[in-house]
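Examination of the molecular architecture
Below are the chains, spelled out letter by letter.
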Amino acid sequence: MDRIYLDYAATTPVAQSVIEAMLPYFGTEFGNPSSAHYYGQLAEGAIEQSRRDIKKVFNADDYDVIFTSGGSESDNLALRGAALEQRKRNGATKILISSVEHDAVGHTAAQLQQKSGFISVKLRVAKNGIVDLSQLKEQLNKQVVLVSIIYGNNEVGSINPIKEAAKLCHEHGILFHTDAVQAAAHLKIDLSDLDVDYLSISAHKFYGPKGVGALFKKKFLPLLPQITGGGQESGFRAGTSNVPLIVGMVKALEINNESINAENSRLIALRDKLITNVLRTIPESQLTGHIKDRLSNHASFVFDGLSGNDLLIALDMAGYAVSSGSACKVGNPKPSEVLLALGIKPSLALGSLRVTLGKSTSENDLDKLLTDLPEVVKNLRKEKQLKNGN
Ligand SMILES: Cc1ncc(COP(=O)(O)O)c(C=O)c1O
């Protein structure tokens, strides 16, 4: 059976040139970057070159780059590290996050509330998944220690007004973090313009390897290390640096950014064709997230009268790899909190589908899906009706 991968928001394949860039650091140039000898120096040189290169891509001269094990660690480090250290300085204890964060932010804020004496407050989003800046404005005061708002949403694709949100926070002297794990693959991020204090990325979303990411932190801002030990990463993150993965991440980012504009135009045309036709051919279907301000590769829907997990399995059997919500929600029959936050009723939220496109996606792939999907949805609805005895 021909299989079609349409789950690029979950992860992406590693580009061949990225694999080739990494290989020497598994073999001949295997040194520990903390070692003073020749082998260590080679590895250290590769890490520091990667740090300079990634700063160039993000126009991040005013930032420290801390290499981490991925998006979850970057989010954890930003939230815990900034909140704990800043509270020591100014006594503020309230953390504001949007109500559509990835669990890496949501669960960290919840744990800071449960175990460390912070208060975590969720900001409303509109029906289109965009955070309500007027509520953010109302909430900003001396009690707020940190604000964290997702840049491009993993479940519904909406792109938040991060520059405006950061500006509002700065007017009150409040630290601002954004989770750009999905956004970094599709938006050209210029940190000197975006002006956030902390920003998280993860390599496996932009054709780099899994298990590596970065946290950008504006220089001199507070951050309490969460992994202590050796003084790697300027003392912000202990542990022997993963040289091949760091080299691979930066190479992947450079390649991705070279073609980002052309690829976005191609993906937007495909994405919009998919959205228009799904809504036209499938009754009782609804787009989730913003119609235009959404990630270029991201189409997400809810279908009444079926289960998203059943839909995912049926599509997998038909050769399509898609997702129902985010990858972490697989096997979880509860409706997604993100969809509920958009005001979607629970029964409808259970029937969610996320289709995310990438470099290998062709028009032909989507034409096939557009032929098969209405049929699959119809059959699942019929089965469910029979089961319910209607
Ligand atoms: C928005 C967002 N944040 C964080 C993460 C976690 O990243 P990682 O898988 O690198 O830990 C993901 C992964 O799906 C994500 O989509």
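Conventions and cut-offs
Residues numbered from 1 in each chain as written. Predicted model: local features only at pLDDT ≥ 70, side-chain atom pairs only at ≥ 80, totals over all residues. Heavy atoms only, no water. Helix = DSSP H or I, 4+ residues; strand = E, 2+ residues; numbered from the N terminus. Rg over C-alpha atoms; globule rule 2.2 N^0.38 Å. Buried < 20%, exposed > 50% of the residue type's maximum accessible area, 1.4 Å probe, protein only. Contact = heavy atoms within 4.5 Å. Lys, Arg positive; Asp, Glu negative; His and termini not counted. Charge placed at Lys NZ, Arg CZ, Asp CG, Glu CD. Patch = residues over 30% accessible without salt bridge, like charges linked within 9 Å, V, L, I, M, F, W, Y side chains within 5 Å. Areas by Shrake-Rupley, 256 points an atom, 1.4 Å probe, with all protein chains shown as cover. Salt bridge = Lys/Arg side-chain N within 4 Å of Asp/Glu carboxyl O. Pairing = 2+ DSSP bridges. Right-handed = clockwise from strand over helix to strand, strands pointing away. Domains from an automatic or database assignment. Buried area = accessible area lost by both parts, 1.4 Å probe. Near = heavy atom within 4 Å. Polar contact = N/O pair within 3.5 Å; in protein donor to acceptor, adjacent residues only side chain to side chain. Nonpolar A, V, L, I, M, F, W, Y, C, P; charged D, E, K, R; others polar. Axes fitted to C-alpha atoms, helices over the stretch in contact; angles between N-to-C directions. Parallel < 35°, antiparallel > 145°, perpendicular 65-115°, else oblique. Left-handed = near helix turned anticlockwise from the far one by under 90°. Core = buried A, V, L, I, M, F, W, Y, C linked by side-chain atoms within 4.5 Å.

Attention shifts here to the overall build of the protein. When you go through the protein residue by residue, the secondary structure sums to 13 helices and 12 strands. What you see for the protein is a C-alpha radius of gyration of 22 Å, in line with the 21 Å of a compact globule of 390 residues. Reported as C-alpha extents along the three principal axes, the dimensions of the protein are approximately 70 × 50 × 35 Å. Burial statistics for the protein: of 390 residues in total, 55% are counted as buried. Put simply, 75% of the contacts in the protein that link residues at least 6 apart link residues at least 24 apart. Looking at the protein, you have 43 positive and 42 negative side-chain charges, and the mean spots of the two groups are 5 Å apart.

Taken together, the side chains of Ile19, Leu23 and Phe26 make up a nonpolar region of the molecular surface, amounting to roughly 280 Å² of accessible area. Its place among the elements puts Leu23 in the loop between helix 1 (16-22) and helix 2 (38-57).

Attention now goes to the pairing of strand 6 (residues 175-179). Within a regular strand, the side chains alternate between the two sheet faces. Buried residues dominate strand 6, accounting for 5 of its 5 residues. Burial of strand 6 is two-sided: the residues Leu175, His177 and Asp179 facing one way and the residues Phe176 and Thr178 facing the other way are all buried. In this sheet, strand 6 lies alongside strand 5 (residues 144-148) in parallel orientation, the contact comprising 3 bridges. The residue of strand 6 that forms the bridge with Val147 is Phe176. Handedness of the crossover joining strand 5 and strand 6 through helix 6 (residues 162-171) is recorded here as right-handed. Bridge count for strand 6 against strand 7 (residues 198-202) is 3 bridges, and the pairing is parallel. Bridge assignment links Asp179 to a residue of strand 7, and that residue is Ser200.

Bringing the domain arrangement of the protein into the picture now. We note that the domain assignment places domain 1 (4-11 + 259-376) and domain 2 (16-258) within the protein. Distance from the C-alpha centre of domain 1 to the C-alpha centre of domain 2: 27 Å. With 32 residues of domain 1 at the interface, the matching set in domain 2 holds 35 residues. Summing the contributions of domain 1 and of domain 2, the shared interface buries around 2,600 Å²; its carbon and sulfur component is 52%. When the buried surface of domain 1 facing domain 2 is broken down by residue, Ile260, Leu295 and Leu342 rank first, second and third, together holding 25% of it. Counting across the domain 1 and domain 2 interface gives 1 salt bridge. Between Glu337 and Lys122 there is a salt bridge, with the nearest N and O atoms lying 3.7 Å from each other.

It is worth spelling out the site of the ligand at this point. In the region of the ligand, 13 residues are neighbours, and Ser72, Asp179, Gln182, Ser202 and Lys205 sit closest. Within the contact set of the ligand, an oxygen atom lies 2.8 Å away from a side-chain nitrogen or oxygen of Gln182. For the ligand, an oxygen atom lies 2.6 Å from a polar atom in the side chain of Ser202. Within the complex, 86% of the 390 Å² of free accessible area of the ligand lies under protein. When residues of the shell around the ligand are assigned to their parent elements, the largest contribution, 3 residues, is made by helix 3 (residues 71-90). Residue classes in the shell around the ligand are distributed as 2 nonpolar, 8 polar and 3 charged.

For the rest of this paragraph, the subject is the packing of helix 2 against helix 8 (residues 243-258). Axis separation between helix 2 and helix 8 bottoms out at 9 Å; the angle between their running directions is 30°. Considered as vectors, helix 2 and helix 8 are oriented roughly parallel to each other. As helix 2 runs across helix 8, the sense of the crossing is left-handed. Of helix 8, the residues touching helix 2 (which contributes Ala43, Ala46, Ile47, Ser50, Asp53, Ile54 and Val57) are Val243, Ile246, Val247, Met249, Val250, Leu253, Glu254 and Asn257.

Moving on, we get to the packing of helix 9 (residues 260-281) against helix 13 (residues 363-387). Relative orientation of the contacting elements helix 9 and helix 13 amounts to 15°, with a least axis distance of 10 Å. Comparing the axis directions of helix 9 and helix 13 gives the class roughly parallel. When the axes of helix 9 and helix 13 are compared, the crossing they make is right-handed. Residues Leu270, Lys273, Leu274, Asn277, Val278 and Thr281 of helix 9 form the contact with helix 13, whose participating residues are Glu363, Leu366, Asp367, Leu369, Leu370, Leu373 and Pro374. In terms of residue class, the contact of helix 9 with helix 13 is built from 8 nonpolar, 2 polar and 3 charged.

So, about the nonpolar core. Formed by 65 residues in total, the largest nonpolar core has its most connected members in Ile54, Phe58, Val147, Leu191, Leu199, Ile201 and Phe216. No other element matches the 8 residues that helix 8 contributes to this core. Here this core spans two domains, and each of domain 1 (4-11 + 259-376) and domain 2 (16-258) adds at least three residues to it. Apart from the residues within four sequence positions on either side, Leu199 is in contact with Phe58, His177, Thr178, Ala180, Ile189, Leu191, Leu194, Ala214, Leu215 and Phe216. With 28 residues, the next largest nonpolar core counts Phe301, Ala314, Val322 and Leu357 among its residues.

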